[in-house]
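So the chains spell out like this:
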Amino acid sequence: MIRYRTHHMILLALLTLVWIFPASRIHIDSTGVSFESAPLNALQQYQRFVQAFKPDDATLLAVSLDRPVSDFEPGTIEHRISRVRQTLLSLDGVRDVTTLGSSGIQELIKLLNRSSMNPAQTLLHARELIPGMSTLISKDLSTLGFIIHQNQNTLTGFEFEHRLSQMKQVVSNVFQRPCQAAGLPVLRAAFERYNLHSALTFGLLGLGFGMLTAFYIFKTFKAGLLVLISSIISLVWTLAVMALFGADINLATGMSFGFILVATTTTSFHLTSKYLHHAGPSPPLTAMRHTLEDVLQPGLMCALTTAAGFLCLAVSPVPMVRQAGLIICLGVCLSFFSTLVIQIFFLPLLFSSGRGNPICAKRRDGLDLMVEKVFSFGFKFPLLSCIMAFVFLTGLIWGIPGIMSVKHLSSPMIKNTPEARDLEIVTRRLTGAYTFSLVLALDETRVNQRQFWYDMYRFEKQLASVNGIEHIDSLTPLVFQLAKTMTPAGMMPELVFQNMISRISKDALYLTYYAPQLSTYRMVVHINPESSDQIEQILTRTMQLASQSFDPPVSAFPAGRLLLLKSQTRDLVSSQLKSLFLACFAITLLMILNLRSMWLGLLSLIPNLFPLAAIFGIMGWFNIPLDPLTIFAAVISFGLSVDDSIHFLFRLRREIARSAGNESLDYCIFQAYRHTSRALISTTAVLFGAACGLMFSTFQHVSALGILIASASLVALVSDLVFLPAIVLTVRPLSGLLHKHLLLSIPETNEP
């Protein structure tokens, strides 16, 4: 490679220029990054629900007026509502708009009107009885709601957010008042956008910290320039790979930039550090040859193990996660080889040998102090270090049972954001836009039985008292109110309902709550949850009441987009856990094969248990919930933290080979530490710095991701440089076993 380094560099430059064209055509996925995958049963159930009723993932727009609608001139509010509805329906992707002026709503308001009531009393009376009215007008009659049903196939993600901005502007222009938006589509789009922005931020921070760290360690801008060149070329190749697979930039593929840039920086640091170590006493090309002897094999092993770890994401049920796993796998390998070509070409040119080399002066800095004073603790006090490692690991494992699992996308996940503020305003003035449906599958005659309607009435009363439930929309209150006036011989709700169904029209409001062809009754439950756990408690309590309230029992089940997202989230977390265990197995197998010893491969797992335990332990102790992104942190951290172990163990193996078995294992371990510690600390600093940037996100679980990755990177460094040497030095049987297998794993032609 050294002899033909110029040819390799020219070839790399030409290929990079060729790849720029497809790479430039990559754009941000405008449809968003929803985890559009769910188990077949859950998906089929949701599709049946949508066929029977309208989709329930509508958007709610709210506008607050300066006085109640009853105080305006007659016809003023009606005219404005009509203008808003017509304008909204003219926008692409909007299927339907339900307002206070909708024909079905107005017919029922007139039906419920009494001569003794003024307009304000009529609206309040209708608000309590007509299903859906509580989302269209507030109790004080000064806030209006507009329910928007959008086409989920064409209007999602960033396209939806763009259209939402237009819809809010339409309402604001007509009423000359600010407009707020709420609903599951708004939460989901915000969830996707904040995740994608955080992924791209992680990549940019990784590049920035890589350049700054290179300048600090090597005391020259040339090192930072090499990191920048390597990172840009790796980025172009990654984008080209994405173009080949037809993948746009979304949450999962966006995360690949950060990991690939960290991998590029790591390779660059190790090559530069070793070259400058050899450059003083040796000519440039000789120094480069010694550098490759030290770094090439462990560097390649790092690339392969990291790639194998991310390739395990291919078991995910989500297409974009599978794409990301493949892209990161190929990207890490391509970045390693491109960085290798760049470094071999530029290092001899940029860094001269001899006394003019700024690194050869060996100026001490804070990194040297950390190497000598902090991370050498394992050599100075091995027994104490082992005790501390055991206590630390035990404490982390003790916290694991306290991990909470996030099953639902809830508003606290986007606290301190504009979407959260809009949601708070809307839910304070109107009935909450966060809903699920309870579906009752009945036989054809059940709705004609009076007992059913009385059971339903009592059930809804009990359900409304459940903590977290704000309101219930169903036909029951309306049926009973009409029964009071239409059946003077006695309360006969079944007759009223039969009369309603017999006169049902295609656009009737009743079709939202009763599907006659399936004999299926629906209730819409509005909730204002404080957490994912409270949503689960509400669902559990709802099913308990449903099973106890009907005689004979009815078949009841929760349905809607909320339940579909729950199924998707649970399936994704489960697949990520499988990916984690598969990655552990694959990486350990690669270590065993490359180190030529099963014992050495298993030994490499010891320091990597600590970052895994740190992630899950911190989640348990600090109430960080287990969700698709935080479990992703475990896969990330294991794939990247194992690199430190590889470099340390390969250097240890090389030191034993160099001594030909004449030096003690203690001496060889210290030499391995001396040669690798500085590079390992610097590469960890890059990952730690990039992760710290995520901690300041206003998006709760992105901040948690930053905390987990930063913590795991520090713990991985300490476990490799402090705990692993201390354990080997303290447990003498392990020392002897390690020394024996290291000698056996060295080829007969001893390494120089």
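None of the values given here were measured: they were computed from a predicted structure.

*Asks:* So, the overall build of the protein chain: which residues are in play, and what are the values?
*Replies:* Within the protein chain one finds 26 helices and nine strands. Counting every position in the protein chain, which comprises 752 residues, the buried fraction comes to 59%. On the protein chain, roughly 31100 Å² of surface is accessible, and the fraction owed to carbon and sulfur atoms is 62%.

*Asks:* How would you sum up helix H22 (residues 605-621)? Please name residues and give values.
*Replies:* Each full turn of the α-helix corresponds to 3.6 residues, which orients residues three or four apart in the same direction. Between its terminal C-alpha atoms H22 stretches 24 Å, which fits the 24 Å expected from 17 residues at 1.5 Å a residue. In terms of burial, H22 is a largely internal element, 13 of the 17 residues being buried. Where H22 ends, the next residue or the one after it, asparagine 623, has phi of about 55°, a positive value.

*Asks:* Pulling in residues and values, what's your account of the packing of helix H4 (residues 103-112) against helix H17 (residues 476-486)?
*Replies:* A pair of packed helices is characterised by two quantities: the angle between their axes and the separation of those axes. Close contact between H4 and H17 brings their axes to 11 Å; oriented N to C, the two are set at 35°. The hand of the H4/H17 crossing is left-handed. Packed against H4, whose contacting residues are Leu108, Leu111 and Leu112, the element H17 presents Leu478, Gln481 and Leu482 at the interface. For the contact of H4 with H17, the per-class residue count stands at five nonpolar, one polar and no charged.

*Asks:* With reference to specific residues and values, describe the sheet that holds strand E2 (residues 94-98).
*Replies:* Spatial ordering of the open sheet is given by E2-E3-E1-E4, a layout of four strands whose pairing is antiparallel. At either margin of the open sheet sits one strand with a lone partner, and together these are E2 and strand E4 (179-182). Each neighbouring strand pair of the sheet contributes to a mean axis angle of 25°, computed without reference to strand direction. Relative to strand E3 (residues 143-150), strand E1 (residues 59-64) runs antiparallel, the two sharing six bridges. Counted as the bridge partner of serine 64 is threonine 143 from E3. Along the sheet, helix H15 (residues 418-429) contacts E1, E3 and E4; its crossing angle with E4, the most-contacted strand, is approximately 95°.

*Asks:* A description of the pattern of salt bridges should follow, citing residues and the corresponding values.
*Replies:* Following the criterion strictly, the structure yields twelve salt bridges and no others. Between arginine 127 and glutamate 128 there is a salt bridge whose closest N-O contact spans 3.9 Å. On the basis of relative accessibility, which here comes to 6%, the residue arginine 127 falls in the buried class. Close ionic contact of arginine 428 with glutamate 424 constitutes a salt bridge, the shortest N to O distance being 2.6 Å. Residue arginine 428 and its partner glutamate 424 are located together in helix H15, separated by four residues, close to a single helical turn.

*Asks:* Describe in detail the packing of aromatic side chains, supporting the description with residues and values.
*Replies:* What the rule picks out here adds up to 19 aromatic pairs. Between the aromatic rings of phenylalanine 336 and phenylalanine 337, the centroid separation amounts to 5.3 Å while the plane-to-plane angle is 75°, which identifies the pairing as edge-to-face. Taken together, the ring pairs connect Phe452, Trp453, Phe459, Phe497, Tyr514, Tyr521 and Phe550 into an aromatic cluster.

*Asks:* Describe the environment of phenylalanine 269, naming the residues involved and giving the relevant values.
*Replies:* Its place among the elements puts phenylalanine 269 in helix H9 (residues 251-279). Using a relative accessible area of 1% as the deciding quantity, one classes phenylalanine 269 as buried. Sequence separation between phenylalanine 269 and alanine 223 is 46 residues; the distance between their C-alpha atoms is 8.6 Å. Not counting the four nearest positions on each side in its chain, phenylalanine 269 is found in contact with Gly210, Thr213, Ala214, Ile217, Phe218, Val227, Ser682, Thr683 and Val686.

*Asks:* So, the side chain of histidine 125: which residues are in play, and what are the values?
*Replies:* Within the secondary structure layout, histidine 125 lies in helix H5 (residues 119-129). Discounting residues that sit within four places of it in the chain, histidine 125 has contacts with Leu112, Arg114, Met117 and Gln481.

*Asks:* With reference to specific residues and values, describe a nonpolar patch on the surface.
*Replies:* Judged by side-chain polarity, Leu244, Phe245, Leu311, Leu326 and Leu330 come together as a nonpolar surface patch covering roughly 420 Å² of accessible area. Tracing the backbone through its elements, the reader meets leucine 330 in helix H11 (residues 319-350).

*Asks:* Before we move on, can you summarise the environment of phenylalanine 202 with the specific residues and values?
*Replies:* Tracing the backbone shows phenylalanine 202 in helix H7 (residues 184-218). The class of phenylalanine 202 is buried, set by a relative accessible area of 1%. Considering only alpha carbons, one finds phenylalanine 202 and glycine 693, 491 residues apart in sequence, at a separation of 7.2 Å.

*Asks:* Please provide a residue-by-residue account of unusual backbone geometry, values included.
*Replies:* Aspartate 551 connects to proline 552 through a cis peptide bond whose omega is 0°. Inspection of the secondary structure assignment puts proline 552 in the loop between helix H19 (532-549) and strand E9 (555-559). Despite not being glycine, leucine 141 has its phi angle at roughly 65°, a positive value. Here leucine 141 lies in the loop between H5 and E3.

*Asks:* Help me get a handle on the nonpolar core, residues and values and all.
*Replies:* Within soluble globular proteins, side chains that are nonpolar generally end up buried alongside one another. Ranked by internal contacts, the top residues of the largest apolar core, which has 120 residues, are Phe259, Tyr275, Leu580, Leu652, Ile669 and Leu721. Look past the residues within four positions of isoleucine 669 in its chain and what remains in contact with it is Phe379, Phe648, Leu652, Pro725, Val728 and Leu729. Counting 92 residues, the second-largest nonpolar core is a separate cluster that includes Val69, Ile77, Met133 and Ala546.

*Asks:* Which residues make up the confidence of the model for the protein chain, and what are the values?
*Replies:* On average, the protein chain scores 81 in pLDDT, and the residues at 70 or more come to 88%. No element of the protein chain has a lower mean pLDDT than helix H26 (residues 732-745), which averages 63, and none a higher one than helix H3 (residues 76-89), which averages 93. Scored below 50 in pLDDT, residues 354-361 makes ten contacts in the model with residues more than four places away or belonging to other chains.

*Asks:* Describe in detail the environment of tyrosine 521, supporting the description with residues and values.
*Replies:* Looking at the secondary structure, you find tyrosine 521 in strand E8 (residues 520-527). Note on tyrosine 521: relative accessible area 0%, which makes it buried.

Thresholds applied
- Residues numbered from 1 in each chain as written.
- Predicted model: local features only at pLDDT ≥ 70, side-chain atom pairs only at ≥ 80, totals over all residues.
- Heavy atoms only, no water.
- Helix = DSSP H or I, 4+ residues; strand = E, 2+ residues; numbered from the N terminus.
- Buried < 20%, exposed > 50% of the residue type's maximum accessible area, 1.4 Å probe, protein only.
- Areas by Shrake-Rupley, 256 points an atom, 1.4 Å probe, with all protein chains shown as cover.
- Expected span 1.5 Å × (residues − 1).
- Axes fitted to C-alpha atoms, helices over the stretch in contact; angles between N-to-C directions.
- Left-handed = near helix turned anticlockwise from the far one by under 90°.
- Contact = heavy atoms within 4.5 Å.
- Nonpolar A, V, L, I, M, F, W, Y, C, P; charged D, E, K, R; others polar.
- Pairing = 2+ DSSP bridges.
- Salt bridge = Lys/Arg side-chain N within 4 Å of Asp/Glu carboxyl O.
- Phe/Tyr/Trp six-rings, centres within 6.5 Å; stacked < 30°, edge-to-face > 60°.
- Patch = residues over 30% accessible without salt bridge, like charges linked within 9 Å, V, L, I, M, F, W, Y side chains within 5 Å.
- Core = buried A, V, L, I, M, F, W, Y, C linked by side-chain atoms within 4.5 Å.
- pLDDT = per-residue confidence, 0-100.

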